[in-house]
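As a plain string of letters, each chain reads:
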Amino acid sequence: MTKQITMTINGREVDLFSRLDVIDPATGEVFGSVPNAGAPELNSAVKAAREAFPAWRDTSWENRQAILIRMGDVIAASAAELIGLLTKEQGKPTAQAEFEIMSASQWCHATATLKLDDKVLEDSATRLHFTTYEPIGVVCAISPWNFPFILSIFKIAPALIAGNTMVLKPSPFTPMTVLRLGELLRDVVPAGVLNIISGDDALGPMMTMHAGFDKISFTGSTATGKKVMEGAAKDLKRLTLELGGNDAAIVFPDVDIKQTAEMVFWSAFTNSGQVCIASKRAYIHEDIYDEMRDALVTVAESTPMGRGDQEGIALGPINNERQRRTVKALIQASEDAGDTVIRASRPAGAGYFEPITFIDNPHDDRPIVTEEQFGPVLPLLKFSSEDEVVRRANNSDMGLAATVWTKDEALALRVASRLETGNVWINEALALSPFAAFGGRKQSGLGVENGIEGLRQYTEPKTVSFVRK
């Protein structure tokens, strides 16, 4: 790697002899390394955050707002470097890395416009009664490998503007871009307010069980989220968990098949399917099933997959070998069960590449239907009625998101109201906003991110009643 990237603790660089290799998923080769932190570094980061908290809490909202705006400016000014680094460690195409980095900049600016005003319940001649929202304290933030930069900003921006301090750990698969952010912000954010450390899988549990944290904000798998919740229980830490999804796309027969196939394709395969809110089960009405299946295969065959830094590439590799094995096992289970498996061509060469794959109308009890694949494979499922498809879509332990595709507004809104998910998009997909609450139901999470509701997750309400005499 051309640059040595360090951790940021108390506003200063921290490096270690113990290193963690970072692999380029497009080649399968190590291209860099980062510090592998343990208990001493974690304790130092928590100590710095706790010591910085009182002054940061007492900093005016306007000054915290100005710093958040400056953070967005710094990200935009450093975009070229961050885009290259993100493509290298995550594998996504350059255009998608650019979208992630610039969205993070815009997210900082947008979040800076939010404010939690006191809620006045009574202001009369005899009583003043109001609720105010105070920062929780020190936040433990753990971000994932699929969108490491923007999902870190989802945590940093609201936590800091609300007056909290933070220790953030990015995924060991994609630590470099987030660590670089810490370096860039050392002269922007006061020392100790934002500490960014890196480490292997042992560091996460150390953080979630650390008594120095007041809140945990975690994005990742449902299985790991349950362990995070267990670790938080000892001290009743506040929690925001954004977890897995097994998101249904429901396609009704009145759609334009070619146009909808293109949109459903990208709803499923953006970032090679490594998106928590990606369509992971596509229910297609029997009247158009064959045509829609063939149209989706056509889109897959015409969409280039390869190294993210190459011109014209639209799909990259799976980020890591562990996830690649998960995807391959789900496909193999369908093949072993006798399902028809349709594969697009895959790029030649090394790396963690898997071709776009469709499973043609498998049974609902197949693992590819019941489990989250988080990769470039999509089961296509035939349905015949509204009631049937709603029942099947809701037959999941997860409830993160869904999409509905139809020209019939009444039908779309009716189906949306019946789906047991935190988010429903109609004739679009993956449409997050810094001003809209985002969260899951069932085992897809706890709490929400973004918008006023997400900002409130980083505060504790305090109600004050004053009797005037």
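From a predicted model like this one, the values you see are computed outputs, not experimental measurements. (Residues numbered from 1 in each chain as written. Predicted model: local features only at pLDDT ≥ 70, side-chain atom pairs only at ≥ 80, totals over all residues. Heavy atoms only, no water.)

(A) Expanded view of the environment of valine 341. Along the chain, the position of valine 341 falls in strand S14 (residues 340-343). Between the C-alpha atoms of valine 341 and asparagine 361, which are 20 residues apart in sequence, the distance is 9.6 Å. Discounting chain neighbours no more than four positions away, the residues touching valine 341 are Ile331, Glu335, Thr357, Phe358 and Ile359. (Helix = DSSP H or I, 4+ residues; strand = E, 2+ residues; numbered from the N terminus. Contact = heavy atoms within 4.5 Å.)

(B) Broad picture of empty space enclosed by the protein. Evaluated as defined, the whole model comprises 4 cavities of 30 Å³ or more. Roughly 80 Å³ of volume is contained in the largest cavity. Every residue lining the largest cavity is counted, 15 residues in all, and those nearest its centre are Asn246, Arg281, Ala393, Met398 and Thr421. Listing elements by their share of the lining of the largest cavity, those giving two or more residues are strand S12 (247-251), helix H13 (386-394) and strand S17 (398-399). (1 Å grid on protein atoms, 1.4 Å probe; cavity = no way out; pocket = protein on both sides within 12 Å on 5 of 7 lines; lining within 4 Å. Points joined across faces, edges and corners; volume = space filled by probe spheres on them.)

(C) Just the sheet that holds strand S24 (residues 459-467), in detail. Within the open sheet, the 3 strands sit side by side as S5-S6-S24. Their pairing is antiparallel. A single partner strand is all that each edge strand has here, and the edge strands are strand S5 (119-123) and S24. For this sheet, the mean inter-axis angle between neighbouring strands, taken without regard to orientation, is 15°. Where S5 and strand S6 (residues 127-135) come together, 4 bridges link them in antiparallel fashion. Within S6, the position partnered with lysine 119 by the bridge is threonine 131. (Pairing = 2+ DSSP bridges. Axes fitted to C-alpha atoms, helices over the stretch in contact; angles between N-to-C directions.)

(D) Seen up close, the packing of aromatic side chains. Summed over all chains, the structure comprises 6 aromatic pairs. Aromatic pair phenylalanine 265 and tryptophan 266: ring centres 5.1 Å apart, planes at 90°, arrangement edge-to-face. Aromatic ring contacts, followed pair by pair, group Phe265, Trp266, Phe269 and Phe358 into a single cluster. Lysine 88 extends its terminal NZ or CZ atom over the ring of phenylalanine 31, reaching a point 5.8 Å from the ring centre. The cationic tip of lysine 92 hangs over the ring face of phenylalanine 147; the distance from NZ or CZ to the ring centre is 3.7 Å. (Phe/Tyr/Trp six-rings, centres within 6.5 Å; stacked < 30°, edge-to-face > 60°. Lys NZ or Arg CZ within 6 Å of the ring centre and 35° of its normal.)

(E) Geometry of the sheet that holds strand S16 (residues 377-383). The sheet built from 7 strands is open, its strands ordered S14-S15-S16-S13-S12-S18-S19 with mixed pairing. At either margin of the open sheet sits one strand with a lone partner, and together these are S14 and strand S19 (423-426). Ignoring which end each strand starts from, the neighbouring axes of this sheet average 20° apart. By the bridge criterion, 4 bridges tie S12 to strand S18 (residues 401-405) in an arrangement that is parallel. Counterpart to alanine 248 in the pairing with S18 is alanine 402. Strand contacts of helix H9 (residues 257-269): S12, strand S13 (279-285), strand S15 (357-360), S16 and S18, with the helix running at about 175° to S18, the strand carrying the most contacts.

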